[in-house]
Each structure stands twice: as C-alpha cells, then as structure tokens.
Amino acid sequence: MDERQKTIKSKIEAVVTASESDKIVYKSEWLGYLPFGVYHWVEHQGEDFSSEFPTGWTPEDLASLEQTGFLEKLEAYENPEDEFDLHIRYRVCVERE
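A few points on the structure. (Residues numbered from 1 in each chain as written. Predicted model: local features only at pLDDT ≥ 70, side-chain atom pairs only at ≥ 80, totals over all residues. Heavy atoms only, no water.)

**Some points on the overall build of the chain**
In step 1: Across its full length, the chain holds 2 helices and 5 strands.
In step 2: Secondary structure elements of the chain occur, N-terminal to C-terminal, as α-β-β-β-α-β-β.
In step 3: The C-alpha atoms of the chain give a radius of gyration of 14 Å, which matches the 13 Å a tight globule of 97 residues would have.
In step 4: Taken along its principal axes, the extent of the C-alpha atoms in the chain is 45 × 25 × 25 Å.
In step 5: In the chain, the proportion of contacts linking residues at least 24 apart, taken out of those at least 6 apart, comes to 51%.
In step 6: Looking at the chain as shown, the accessible area adds up to about 6,300 Å², and 47% of this sits on carbon and sulfur atoms.
In step 7: Computed over 10 positive and 22 negative side-chain charges, the inter-centroid distance for the chain is 6 Å. (Helix = DSSP H or I, 4+ residues; strand = E, 2+ residues; numbered from the N terminus. Rg over C-alpha atoms; globule rule 2.2 N^0.38 Å. Contact = heavy atoms within 4.5 Å. Areas by Shrake-Rupley, 256 points an atom, 1.4 Å probe, with all protein chains shown as cover. Lys, Arg positive; Asp, Glu negative; His and termini not counted. Charge placed at Lys NZ, Arg CZ, Asp CG, Glu CD.)

And the structure:
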C-alpha cells in the first residue's frame, strides 16, 4: 500500500467510524465532450467526500484497498450503453467501539 492509498484509507475510515453506516459507493460518469471527461467520486450516505482524497487518486486505489481486506465489494453496476456510468458499492471493514 502506497502513501496515497494510506491517506485514502484514513479518510474513508474517519467518515465511516463517525457514522452508523459502513457502506461507501464509488461512482463515475462521462460529463460530455472535451475539455470535460470522466468524473468520479466516492459517497457515504449520499454525500461526496472524495474531495478530501489526494489529487490523482484512481479506482485502482480502491481496488488495492479491496485486496488488503479493508474494502469488500458488495455489488457493481456498469451501464451496458455507457462504460463510464459505473457504481460500485463497498462495505468498509473497520472495528467499531
């Protein structure tokens, strides 16, 4: 796990432990033509909190956190007509007090 992924893990852990829900959702969508492109974000209880992630984060960072066991993929949806319309729901595996 690199420093960026450690920072992302820390941000996710903070949001989840401060709430009742251990679920997050990764979303992406195509915003249109250039200069707009694919936009992606992570939500917790419907609120985007990924603006707190380090610049340059990618879905591969979440996949790496899944490989470590921190995230558990619950379901994924990809629009068959739009490869950029993607939703992945994760359970965050954290200790609760």
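Once the structure has been displayed, the description carries forward.
**Examining helix 2 (residues 59-67)**
In step 1: Listed in full, the buried residues belonging to helix 2 are D61, L62, S64 and L65. Looking down the long axis of helix 2, one finds its buried residues gathered within 155° of arc, a one-sided arrangement. For helix 2, exposure combined with an orientation more than 90 degrees from the buried face picks out E60 and Q67.
In step 2: On its buried face, helix 2 sits against helix 1 (3-17), strand 1 (23-30), strand 2 (38-44), strand 4 (71-78) and strand 5 (86-92).
In step 3: Immediately downstream of helix 2, the backbone of G69 shows phi near 95°, a positive value. (Buried < 20%, exposed > 50% of the residue type's maximum accessible area, 1.4 Å probe, protein only. Arc of directions from axis to C-beta.)

**A closer look at the packing of helix 1 against helix 2**
In step 1: Packing of helix 1 against helix 2 brings their axes to within 10 Å, and their N-to-C directions diverge by 75°. Our classification of the angle between helix 1 and helix 2 gives roughly perpendicular. Residues R4, Q5, I8, K9 and I12 of helix 1 touch helix 2, and the partners they reach there are E60, D61, L62, S64 and L65.
In step 2: The class makeup of the residues in the contact of helix 1 with helix 2 is 4 nonpolar, 2 polar and 4 charged. (Axes fitted to C-alpha atoms, helices over the stretch in contact; angles between N-to-C directions. Parallel < 35°, antiparallel > 145°, perpendicular 65-115°, else oblique. Nonpolar A, V, L, I, M, F, W, Y, C, P; charged D, E, K, R; others polar.)

**A few points about the pattern of salt bridges**
In step 1: Applying the stated criterion across every chain, the model contains 7 salt bridges.
In step 2: Residues D22 and K23 are paired through a salt bridge, measuring 2.9 Å at the closest nitrogen-oxygen approach.
In step 3: One network of salt bridges, with partners in common, ties together D22, K23, E72 and R91. (Salt bridge = Lys/Arg side-chain N within 4 Å of Asp/Glu carboxyl O.)

**Considering the nonpolar core**
In step 1: In this structure, I12, I24, Y26, V42, L62, L71 and V92 are the most contacted members of the largest nonpolar core, which totals 18 residues.
In step 2: Among the elements that make up this core, the one with the highest residue count is strand 5 (4 residues).
In step 3: Beyond its immediate stretch of four places on either side in the chain, Y26 contacts H40, W41, V42, W57, P59, L62, L86, H87, I88 and Y90. (Core = buried A, V, L, I, M, F, W, Y, C linked by side-chain atoms within 4.5 Å.)

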